[in-house]
Amino acid sequence: MTDTSPASNARNYPLLAAPHIHLHGPVDDAMYDTFKSQLVAAPTEGPLVVSITTLGGDPEVARAMGDNIRLLREYTGRETLFLGKVAVYSAGATFMSAFPVDSRFLTRNSRVMIHERQMQSTIELNGPLNTLSYTLKAKLHEIEDSINIQEEGFRAIVEGSKVSLEELKKKAPSNWYIEAQEARDLGLVLDII
């Protein structure tokens, strides 16, 4: 009989014991600077392991960090591994989506939270009547483009998993919290350590 306890499971993935890049806190410009510095200092050979713990933040920063990972993988063929620790919420899940599902891992008792993008905005209509429709159209275009970006991210999160895009879109409006075991069972991550 095979021992599948989390303690023994960690031994199956020795590379995850010492990530090359450690990210924690809000996903913001400071995290991106830390990410870039650690990426430059990381070994240039072998798999690259990136760990993150975050309650969320700026989705565009998460997308930019994810693009760095994607480009590294595509230009060098280098394997990149994702390790989510404790909380991989919101923009953290966006960053996770840059890694293929078979390169994603969570520590036990971790949770992933996926939700729809948020917007808080006030529209002030002030000026000649003929120009006001442009203000409203510009805001509508911003919303439509944000929805398109959200859909791209949702597709990337579920690609290769057992979760359909439709299922994710149903659960995301109410903040979908996914425990590590469920994430593994759904194929959103390869394994738990």
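Up top is the structure.
This text gives an overview of the structure that appears in the document.

Cut-off values and rules
- Residues numbered from 1 in each chain as written.
- Predicted model: local features only at pLDDT ≥ 70, side-chain atom pairs only at ≥ 80, totals over all residues.
- Heavy atoms only, no water.
- Helix = DSSP H or I, 4+ residues; strand = E, 2+ residues; numbered from the N terminus.
- Buried < 20%, exposed > 50% of the residue type's maximum accessible area, 1.4 Å probe, protein only.
- Areas by Shrake-Rupley, 256 points an atom, 1.4 Å probe, with all protein chains shown as cover.
- Lys, Arg positive; Asp, Glu negative; His and termini not counted.
- Charge placed at Lys NZ, Arg CZ, Asp CG, Glu CD.
- 1 Å grid on protein atoms, 1.4 Å probe; cavity = no way out; pocket = protein on both sides within 12 Å on 5 of 7 lines; lining within 4 Å.
- Points joined across faces, edges and corners; volume = space filled by probe spheres on them.
- Nonpolar A, V, L, I, M, F, W, Y, C, P; charged D, E, K, R; others polar.
- Salt bridge = Lys/Arg side-chain N within 4 Å of Asp/Glu carboxyl O.
- Phe/Tyr/Trp six-rings, centres within 6.5 Å; stacked < 30°, edge-to-face > 60°.
- Lys NZ or Arg CZ within 6 Å of the ring centre and 35° of its normal.
- Right-handed = clockwise from strand over helix to strand, strands pointing away.
- Pairing = 2+ DSSP bridges.

The subject of this paragraph is the overall build of the chain. Along its length, the chain carries seven helices and seven strands. Along the chain, from the amino end to the carboxyl end, the secondary structure elements read α-β-α-β-α-β-α-β-β-α-α-β-α-β. Across the 193 residues of the chain, 40% fall into the buried class. If you sum the accessible surface of the chain, you get close to 10,900 Å²; carbon and sulfur atoms cover 53% of it. For the chain, the centre of its 19 positive side-chain charges and the centre of its 25 negative side-chain charges are spaced 3 Å apart.

Peptide bonds are trans in most cases, and residues, glycine excluded, mostly fall at negative phi. Its identity is not glycine, yet valine 86 carries a phi of approximately 65 degrees, on the positive side. Tracing the chain through its elements places valine 86 in strand S3 (residues 80–89). Notably, serine 90 is not glycine yet its phi reads approximately 55 degrees, a positive angle. Tracing the chain through its elements places serine 90 in the loop between S3 and helix H4 (91–96).

Moving on, we get to the layout of surface pockets. Taken as a whole, the largest pocket spans an internal volume of roughly 680 Å³. Lining the largest pocket are 35 residues, and of these Arg63, Thr94, Arg117, Ile149 and Gln150 sit closest to its centre. When residues in the lining of the largest pocket are grouped by element, the largest group, 11 residues, is from helix H5 (residues 129–158). Split by residue class, the lining of the largest pocket holds 17 nonpolar, 10 polar and eight charged.

Take the pattern of salt bridges next. For the structure shown, the criterion picks out 12 salt bridges. Here arginine 70 and glutamate 74 are joined by a salt bridge, their closest N and O atoms 2.9 Å apart. Placement of both arginine 70 and glutamate 74 in helix H3 (residues 59–76) is noted, with a separation of four residues, approximately one turn of the helix. Given the relative accessible area of 30%, arginine 70 is considered partly exposed. A relative accessible area of 54% means that glutamate 74 is categorised as exposed. One continuous salt-bridge network, built from bridges that share partners, spans Glu60, Arg63, Arg117 and Glu152.

For the coordinates displayed, the defined rule picks out seven aromatic pairs. On the basis of an interplanar angle of 55 degrees and a centroid distance of 5.3 Å, the ring pair of phenylalanine 82 and phenylalanine 99 is categorised as tilted. With phenylalanine 82 in strand S3 and phenylalanine 99 in the loop between H4 and strand S4 (104–106), this pair connects stretches of sequence that are 17 residues apart. The pair formed by phenylalanine 82 and phenylalanine 99 is uniform in burial state, with each residue classed as buried. Ring pairs connect the aromatic residues Tyr32, Phe35, Phe82, Phe95 and Phe99, which therefore count as one cluster. One residue, lysine 36, lies across the ring of tyrosine 32, its end atom 4.6 Å from the ring centre.

Once that is clear, we can look at the pairing of S3. In terms of burial, S3 is largely enclosed, as eight of its 10 residues are buried. For the segment spanning strand S2 (residues 48–54), H3 and S3, crossover handedness is right-handed. As paired elements, S3 and S4 share three bridges and run parallel to each other. Each residue of the ladder has a partner; that of phenylalanine 82, found in S4, is arginine 104. Remark: the S3/H4/S4 crossover connection has right-handed handedness. Pairing between S3 and strand S5 (residues 111–114): three bridges, direction parallel. Residue pairing in the sheet places valine 88 in a bridge with valine 112 of S5.

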